[in-house]
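An overview of the molecular structure
Each chain, written out:
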Amino acid sequence: MLQIMDRAREQTLLPLWRMPFRPMFLGAAVWGGIALCIWLAQLRGISLPALRGGVTWHAHEMLFGFAGAVVVGFITTAMQTWTGLRAPTGRALAGLCALWLAARLGYLFAGVPLWLPVMFESGFFLVAAVLTGRRILAVRQWRNLFVIPALIAFAALAAAHWLLPAWQRTGGLVTLLLVTGLITVFGGRVIPFFTARRFQMQQRDKIAVLEITSHLSVLALLLAVGFNLPKFVWGWLALMLGLLQLARCCRWRPSLIRREPLLWSLHVSYWFIVLGFLMAFLAWAGIAPGLESGALHAFAVGGIGGMILAMISRVTLGHTGRMLKCPRLMPLAFAALALAALARIFWAPASNGLMVAVCGWLLGYGLYLYYYAPMLMAPRTDGQPG
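Scope of this entry: the structure provided in the associated data block. Predicted, not measured: the structure shown is a model, and the values here were computed from it.

Notes on the overall build of the protein chain
Secondary structure assignment for the protein chain yields 13 helices and zero strands. Sequence-ordered secondary structure for the protein chain, helices as α and strands as β, is α-α-α-α-α-α-α-α-α-α-α-α-α. Relative to the globule expectation of 21 Å for 386 residues, the C-alpha radius of gyration of the protein chain, 20 Å, shows essentially globular dimensions. Expressed as lengths along the three principal axes of its C-alpha atoms, the size of the protein chain is roughly 65 × 55 × 40 Å. Classification of the 386 residues of the protein chain by burial places 56% in the buried group. Nonlocal contacts in the protein chain, meaning residues at least 24 apart in sequence, comprise 77% of its contacts between residues at least 6 apart. Averaged over its 31 positive side-chain charges, the protein chain has a centre that lies 3 Å from the centre of its 9 negative ones.

Shown next as structure tokens:
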């Protein structure tokens, strides 16, 4: 009966509003490209006086606008699988997306007072926390309870990043590490599962000490950066995290993935996170301070940007009822993201390096939009709700 009612209700909704991943993934892919083009134009000296712009705006939009949308879309979609309770749809989902879009436009135009988009954006993350938290608490699924404080932290960090100028750099770094930390949690769940499932193998048992130490080390690094402990503390925690992630991803059968774009894209993105932690150790421990920018962009472009592209490509296929078969040019998209990351880490801030990085990003997400935007705006191929 529930399935019949769900199907009947589905027919009254535009496909875009039938699951959170649909508008959130689409909006993030479009907005990430727009924000990067505006940022590149400003770096090239093109005057855009009506727009806010600047380093703070660039960092904020890629962390909270782009990555934040995907985090919320992923969590509120996965929550249905976790809890068995229906994800937000229809008006509730449209309202959530309206908060996100209002924040993007408010931050973009310089004439809008900052408190207004801050209010919309914090509301976006808090509403997502409520929608998710109610369902997790209803079924007492304590394993996933951590997403509630994570979303609340996003709301607080989003406000602090603009309203506390003296804390902008620290707030941005904490947010970058928070998103990276969430990838280590969710990536550690899905990458070995997807890999084992593709090759019809039993997933290796997780080593509890390794998993728990990894999660606690992420939390320790977040606190060390947030409370501005000495940088050498950050460095040694980053080294620990780099080695822990290396040990984890070596157990995920990377030797099998060469011919599977939907898998190697996930693994390669995770390796950028390992690289980021090891470079951050060298920078923060004072061994090679000049590597800090490269380390941060290893997280941001290779880890977060690459992982998001790989994950939303697979999730979109699965949740729209399609076979898990990579569209023809998507391997090029994944490779372009990896090239963008390498250019931003090792070549930029040289002008040519920045151009290669931006073009790689635009090609990767442009191909995603070409193939997947029609899927996101169409009903499931199998007729199921979602």
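There is more to say, and it comes next.
Some details on the packing of aromatic side chains
One pass over the structure, following the stated rule, counts 21 aromatic pairs. Note on F74 and F186: the rings are 5.2 Å apart at their centroids and 65° apart in plane angle, and the pair reads as edge-to-face. Here the residue F74 occupies a position in helix 3 (residues 54-83), and F186 occupies one in helix 7 (residues 168-198), the gap between them amounting to 112 residues. Looking at F74, the relative accessible area reads 16%, which means it is buried.

Comments concerning the side chain of R135
Tracing the backbone through its elements, the reader meets R135 in helix 5 (residues 115-138). In this structure R135 comes out as buried when scored by relative accessible area, which is 18%.

Describing the pattern of salt bridges
Counting across every chain of the model gives seven salt bridges. R169 is paired through a salt bridge with E292; the nearest N and O atoms lie 3.4 Å apart. With R169 in helix 7 and E292 in helix 11 (residues 292-319), this pair connects stretches of sequence that are 123 residues apart. Two residues, E260 and R198, come together in a salt bridge whose shortest N-O distance is 2.7 Å. Here R198 lies in helix 7 and E260 lies in the loop between helix 9 (231-250) and helix 10 (261-284), a separation of 62 residues in the sequence. For R198, a relative accessible area of 42% gives the class partly exposed.

Overview of the packing of helix 12 (residues 330-346) against helix 13 (residues 351-376)
Contact geometry of helix 12 with helix 13 gives a least axis separation of 8 Å together with a crossing angle of 155°. The angle between the axes of helix 12 and helix 13 places the two elements in the roughly antiparallel class. Every pair of crossing elements has a handedness; the one defined by helix 12 and helix 13 is left-handed. Looking at the contact of helix 12 with helix 13, its residues break down into 18 nonpolar, three polar and one charged.

Focus on the nonpolar core
Within the largest apolar cluster, 124 residues are counted, with the highest numbers of intra-cluster contacts made by F125, L221, W284, M330, Y365 and Y368. Per-element tally for this core: the top contributor is helix 3, with 15 residues. Discounting chain neighbours no more than four positions away, the residues touching F125 are F64, G68, V72, L151, F154, A155 and A158.

A look at the environment of L177
Looking at where L177 falls in the secondary structure, it is placed in helix 7. For the pair L177 and I287, spaced 110 residues apart in sequence, the C-alpha to C-alpha distance is 21 Å.

Each value, and the rule that gives it
As a convention, each chain's residues are numbered from 1 in the sequence order in which they are written. This being a predicted model, a pLDDT of at least 70 is required before a residue's local features are given, and a value of 80 or more before pairs of side-chain atoms are given or counted; all residues contribute to the totals for chains, interfaces and linings. Heavy atoms from the whole structure form the basis of all side-chain values; hydrogens and water molecules are not counted. Under the scheme used here, helices are H or I runs from DSSP no shorter than 4 residues and strands are E runs no shorter than 2 residues, and both carry numbers assigned from the N terminus. C-alpha atoms define the radius of gyration in this analysis, and the globule rule sets the expected value at 2.2 Å times the number of residues to the power 0.38. Here's how the labels work: a residue is buried when its accessible area is under 20% of the maximum for its type, exposed when over 50%, partly exposed in between, all with a 1.4 Å probe on protein chains only. Note on definitions: a residue-residue contact is assigned when non-hydrogen atoms from the two residues lie within 4.5 Å. Charge assignment in this entry is limited to Lys and Arg as positive and Asp and Glu as negative, and neither His nor the chain termini are counted. In plain terms, the charge of a residue is placed at NZ if it is Lys, CZ if Arg, CG if Asp and CD if Glu. The aromatic pairing rule takes the rings of Phe, Tyr and Trp, using the six-membered ring of Trp, and pairs them if the centres are within 6.5 Å, calling planes under 30 degrees apart stacked, those over 60 edge-to-face and the rest tilted. We define a salt bridge as a contact between a side-chain nitrogen of Lys or Arg and a carboxyl oxygen of Asp or Glu at a distance within 4 Å. What counts as an axis is a line fitted to C-alpha atoms, over the stretch in contact for a helix, and the angles between N-to-C directions run from 0 to 180 degrees. Note that the term roughly parallel is reserved for angles under 35 degrees, roughly antiparallel for angles over 145, roughly perpendicular for angles of 65 to 115, and oblique for everything else. Should the near helix be turned counterclockwise from the far one by less than a right angle, the crossing is left-handed, whereas a clockwise turn marks it as right-handed. Charged means Asp, Glu, Lys or Arg here, nonpolar means Ala, Val, Leu, Ile, Met, Phe, Trp, Tyr, Cys or Pro, and polar covers whatever is left, Gly included. Among buried residues, the Ala, Val, Leu, Ile, Met, Phe, Trp, Tyr and Cys ones that are joined through side-chain atoms within 4.5 Å form a nonpolar core.

Don't take any of this as a statement about function, it's just geometry.
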